Each structure stands twice: as C-alpha cells, then as structure tokens.
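Overview (structure and organization)
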Amino acid sequence: MLLKNHLLITILGILSTILFGSYFYSIVYAEEIKIELDNGKANIFDPGSTIYKVVGVSKKVFGISGLQVGDSEHSAASVSNKSINLNFALKVPDPTNSAKMSVKNINLYLKVKSIEGISNGKKIYVADPAYSQVDIVGHDITNATITQDGQMAIVILNVK
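Presented here is an overview of the structure given in this document. (Residues numbered from 1 in each chain as written. Predicted model: local features only at pLDDT ≥ 70, side-chain atom pairs only at ≥ 80, totals over all residues. Heavy atoms only, no water.)

1. As for the pattern of salt bridges
Side chains that differ in sign of charge can pair as their charged atoms come close. Cut-off, in case you're wondering: Salt bridge criterion: a side-chain nitrogen from Lys or Arg within 4 Å of a carboxyl oxygen from Asp or Glu. A helix here means a DSSP run of H or I that spans at least four residues, while a strand means a run of E at least two residues long, and both kinds are numbered starting from the N terminus.
Applying the stated criterion across every chain, the model contains one salt bridge. With its nearest N and O atoms 3.6 Å apart, the salt bridge here joins Lys113 to Asp128. Of the two residues, Lys113 sits in strand β6 (residues 101–117) while Asp128 sits in strand β7 (residues 123–129), which places them 15 residues apart along the sequence.

2. Description of the packing of aromatic side chains
Test applied: Each pair of aromatic rings taken from Phe, Tyr and Trp, with Trp reduced to its six-membered ring, is defined by centres within 6.5 Å and is described as stacked if the planes are under 30 degrees apart, edge-to-face if over 60, and tilted in the remaining cases. Buried, partly exposed and exposed residues are distinguished by accessible area as a fraction of the type maximum, computed with a 1.4 Å probe on protein chains only: under 20%, between the cut-offs, and over 50%, respectively.
Overall, the coordinates contain one aromatic pair when judged by the stated rule. The interplanar angle of 40° and the centroid separation of 6.3 Å between the aromatic rings of Tyr109 and Tyr131 together place this pair among those described as tilted. Here Tyr131 lies in the loop between β7 and β8 (135–136) and Tyr109 lies in strand β6, a separation of 22 residues in the sequence. The class for Tyr109 is partly exposed, based on a relative accessible area of 32%. With a relative accessible area of 57%, Tyr131 lands in the exposed category.

3. Let's talk about the pairing of strand β1 (residues 31–42)
The line we're drawing: A pair of strands is treated as paired once DSSP finds two or more bridges between them.
Bridging between β1 and strand β10 (residues 152–159) involves seven bridges; their strand directions are antiparallel. Following the sheet pairing, Glu36 is matched in β10 by Ile154. Pairing of β1 with strand β2 (residues 50–60) involves nine bridges; the strand directions are antiparallel. Within β2, the residue paired with Lys34 across the bridge is Ser58.

Quick look at the structure:
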C-alpha cells in the first residue's frame with residue numbers, strides 16, 4: 001500500500017510538471033526553511049523598520065538535516081514595509097561526516113510584495129528574492145512569508 005501511494009505521488013508529480021510546469025510541482029512537494037526571530041526593536045536608523053535577532057532555524061527540506069544558527073554578534077534581521085534583510089551565520093552539517101559542521105554566512109535580501117494585517121496584531125508580509133537566483137544551502141528560494149507578532153517574527157523561506 002505504501003509503495004502504491006509513493007508511486008501515485010510520483011506519477012502525479014511528473015504529470016503536474018508536464019501539464020502545469022514547475023509551479024504546481026513545487027506546491028505538491030513544498031519544501032521550506034523556517035527562521036525564528038526575537039527581541040524586535042524599532043530601528044533608529046531606518047524609521048518604520050524593526051530589527052530582530054535570529055534565534056532559530058528549522059527545515060522541511062529533503063536531504064538537509066541538523067541546521068543550526070551559528071553564534072554571531074552580527075546575527076540580525078530587518079523587517080520593513082519594503083524589504084526583509086536576513087544576515088546570520090548558519091551551521092550546516094557535513095553530509096559525509098555528521099561530526100563536522102561548516103559555517104555559512106547567510107545574507108538574504110527580499111522585496112516585500114504585499115502586507116496583510118490581522119486583527120490580533122499580527123502582520124504578514126509576502127516577499128520575493130530581490131535577485132533572480134538566490135539560494136540557501138544549495139536550494140533556490142522561490143518566495144517567503146514573514147509573520148510579525150510584536151517582538152517575535154517567523155520567516156518561512158519556500159525553496160526548491
């Protein structure tokens with residue numbers, strides 16, 4: 001039964017790619033990296049934006065496991081009505097030796113496409129990469145959503 005379901009999902013993925021292009025395929029096989037932000041404060045150098053500390057990372061991406069936020073004094077995210085900037089160190093396990101980690105400096109710039117206000121004070125931003133080919137640990141970023149709730153925020157990077 002499990003083999004039949006896997007085969008059916010694979011066939012649907014192939015058919016959707018042929019019929020609808022890669023957009024539908026990415027919906028069927030959604031992969032994402034979630035970045036947690038905390039300690040939000042108004043940015044005195046850029047009125048209207050909020051500065052956060054990057055405090056956590058988790059993923060739902062095939063082939064990646066054990067991602068961690070690295071220790072860095074410069075770990076920060078800036079959220080405004082026009083753009084989202086993420087700058088932090090990311091620890092990535094070596095795929096051949098789980099005891100080894102490499103540190104990647106992540107610097108992402110996303111353009112805000114739209115903002116949705118929610119009645120309980122949350123604000124949701126929808127953003128796209130500012131440049132055509134933007135990736136994180138070898139996966140292209142297709143778009144992002146940022147949910148801002150007071151001093152905390154969650155960034156969801158949709159990747160392929």
